[in-house]
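So you can see what is in the structure, the chains are spelled out below.
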Amino acid sequence: MCGIIGIVSTAPVADRLLEGLRRMEYRGYDSAGVCTLHDGALVRRRAEGKLANLAAELARNPAPGTVGIAHTRWATHGAPTTSNAHPHATGEVALVHNGIIENYKPLREELLAEGRTLESETDSEVVAHLVSREVEDGASPEAAVAAVLPRLRGAFALAIAFRAHPGLLIGARLGSPLVVGYADGEMFLGSDALALAGLTQRIAYLEEGDWVVVTREGAEIRDAEGAAVERPVTTSGASAAAVEKGNYRHYMQKEIFEQPTVVAQTLSSYLRPAEGRVALPQFDFDLSAIRRVTIVACGTSFYAGMVAKYWFEQFARVPVDLDVASEFRYREPVLEEGGLALFISQSGETADTLAALRHCKAAGQTIAVVVNVPTSSMAREADLLLPTHAGPEIGVASTKAFTCQLAVLAALAAHLAVAKGRLSREEEAEIVRHLLEAPAALNAALDHDEDIEAMAPLVAGARDVLYLGRGADYPLALEGALKLKEISYIHAEGYASGEMKHGPIALIDEHVPVIVLAPSGPLFEKTVSNMEEVRARGGRVVLISDEDGLAEAGAGCLATIAMPRVHPLIAPLVYAVPVQLLAYHVACVKGTDVDQPRNLAKSVTVE
Ligand code: HGA
């Protein structure tokens, strides 16, 4: 989603603002802009499209100044044009915004009725004018912001610069994340610690409703009531190096190949191999008393949750409800006492998921979160924080975060099962043993990269693709289809193998590749029968299976992809690799923008 950065310094800021935007470009890339304060004026530079266009604009028309704000946009209101790009400015105020001002229409009417001219179609611009109006009427920057914030409904992270006050910026957050960065003689605002990696590691996280006045000397933070508050300054581990592509062509490719390492890293904080035990971080409630689990997430995280539903029910015999976050609150879910509500999100800031979390919290549920950013809003609001240790995920299409989520969820399922008395010590040790095999199995799966690259052209020409899987591999079929849609723009659907005959089979012809995920095991024969139903209708099958599966059913397929033979528990982690690689190589064949696919953005902080 939109990325925000602000710097108050004594040295020129434009280059560093641009550098910060580069680290955040994965969040949004339809336009970008910078505004600095120089010689008593606001100097604004904006450009449509990728950040390179803004860099070129700044090369042509530099933005001098030692104080400034910048933004990379993922449009919600108004087309991705230069005039809709942030910063939005009046003569007095310039502002960048992440979020949605839900009541912008009446505010806009009010401003227009006063004869003010608004230049953009965005919701954000009204905030610049509201603040500006106060300043023009003689209010100080602090008083202007304090007067305007209570009038805004919706979600916002804001950074505001004032023409007549060149030594300060004001930031505010409600619903969208904003951090304050501390350094000697200069201060920063940013959407997250990663945005400020390379500038500072000393970070304070604003709480909901906080706003902050930032000067070169420091920050004065106030809460929603205007009372001065302290927010702890922590040392962020985010490093600029972690946001480099290394020798890889794309972030997504790098992140796919990081999976053995980061899954091992994640597992190491949940498993005690020597004792054959699963261990969770500290928490303060009785896991054995949990009677129902409600899992809520979006996108790829939702599919991780879907795999977890299989595991929780199979191992712990606890009933699981599963919802996409954007639907959850609005269907008035029944949340019984003694329920654990589990939220899964790479960023920990996903607006729909965060709103669902708060809904469950208000309803008295115990809150657990699986997030990749341990300082995120979800992490801070949870009773049980289960971090993944995937490192920064920059590719918009999630890969390593997904497999790390699965690793954590498998550990949680086992732990819950032990707490519930459903798993003996021996069975727990057995699960630990299988989970520990995952990193090596992921490596073995990655060894087939070249085979997958070689067969990608067979899929790249298709208009539609079906993915089939059964049991805990069914969510993988959904995830495979999502990955392909996201980065290659080919229409793809995932189905439970047995469901195909109830409708989607009508789509089958020789032009629709059908990707079948079928590790050998108890469900293999059934899936192969569904595959035969496809073939009997002229359909072309790509079978992803292990040696035994391919020996039994590989003949006559359009292509086969060999996977290591693994225990069914870790099959969803391992089979994530070929569907990720297939989507990746198909996108490369098609020449699409793998890391910044059209219309998408990472860390979806708007509802
Ligand atoms: N509503 C603003 C900001 C969008 C945003 O935060 N996206 O993540 C706009 O459309 O410019």
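It should be noted that the structure appears before, not after, this text.
As the structure is a prediction and not an experimental result, all values here were calculated from the model.

Asker: Explain the side chain of Asp-352 to me, please; I cannot follow it from the model alone.
Answerer: For Asp-352, the position within the fold is in helix α11 (residues 351-362). Notably, Asp-352 is buried but unbridged: the nearest opposite-charge side chain belongs to Arg-329, and the N-O separation is 5.6 Å. Residue contacts for Asp-352: discarding those within four places in its chain leaves Cys-298, Ala-325, Ser-326, Val-606 and Glu-607.

Asker: Teacher, can you tell me more about the site of the ligand here?
Answerer: If you check the shell around the ligand, you find 14 residues, and the closest are Arg-73, Thr-76, His-86, Gly-99 and Asp-123. At a separation of 2.7 Å, a nitrogen atom of the ligand approaches a polar side-chain atom of Thr-76. Taking Gly-99, its main chain carries an N or O atom lying 2.6 Å from an oxygen atom of the ligand. Contact with the protein chains removes 100% of the 310 Å² of surface that the ligand exposes when unbound. Among the cavities detected, the one that contains the ligand is the largest cavity. Per-element tally for the shell around the ligand: the top contributor is strand β6 (residues 93-101), with three residues.

Asker: Explanation requested: unusual backbone geometry in the structure shown.
Answerer: The omega torsion of the bond from His-86 to Pro-87 falls at -5 degrees, within 30 degrees of zero and hence cis. For Pro-87, the position within the fold is in the loop between β4 (67-73) and β5 (88-89). A positive phi angle, close to 55 degrees, is found at Asp-39, a residue other than glycine. Here Asp-39 shows up in the loop between β2 (31-38) and β3 (41-48). A relative accessible area of 73% places Asp-39 in the exposed class. Phi is positive for Tyr-489, close to 65 degrees, though the residue is something other than glycine.

Thresholds, definitions, all that
Residues numbered from 1 in each chain as written. Predicted model: local features only at pLDDT ≥ 70, side-chain atom pairs only at ≥ 80, totals over all residues. Heavy atoms only, no water. Helix = DSSP H or I, 4+ residues; strand = E, 2+ residues; numbered from the N terminus. Buried < 20%, exposed > 50% of the residue type's maximum accessible area, 1.4 Å probe, protein only. Lys, Arg positive; Asp, Glu negative; His and termini not counted. Salt bridge = Lys/Arg side-chain N within 4 Å of Asp/Glu carboxyl O. Contact = heavy atoms within 4.5 Å. Near = heavy atom within 4 Å. Polar contact = N/O pair within 3.5 Å; in protein donor to acceptor, adjacent residues only side chain to side chain. Areas by Shrake-Rupley, 256 points an atom, 1.4 Å probe, with all protein chains shown as cover. 1 Å grid on protein atoms, 1.4 Å probe; cavity = no way out; pocket = protein on both sides within 12 Å on 5 of 7 lines; lining within 4 Å. Sits in = over half its atoms within 2 Å of the grid points.

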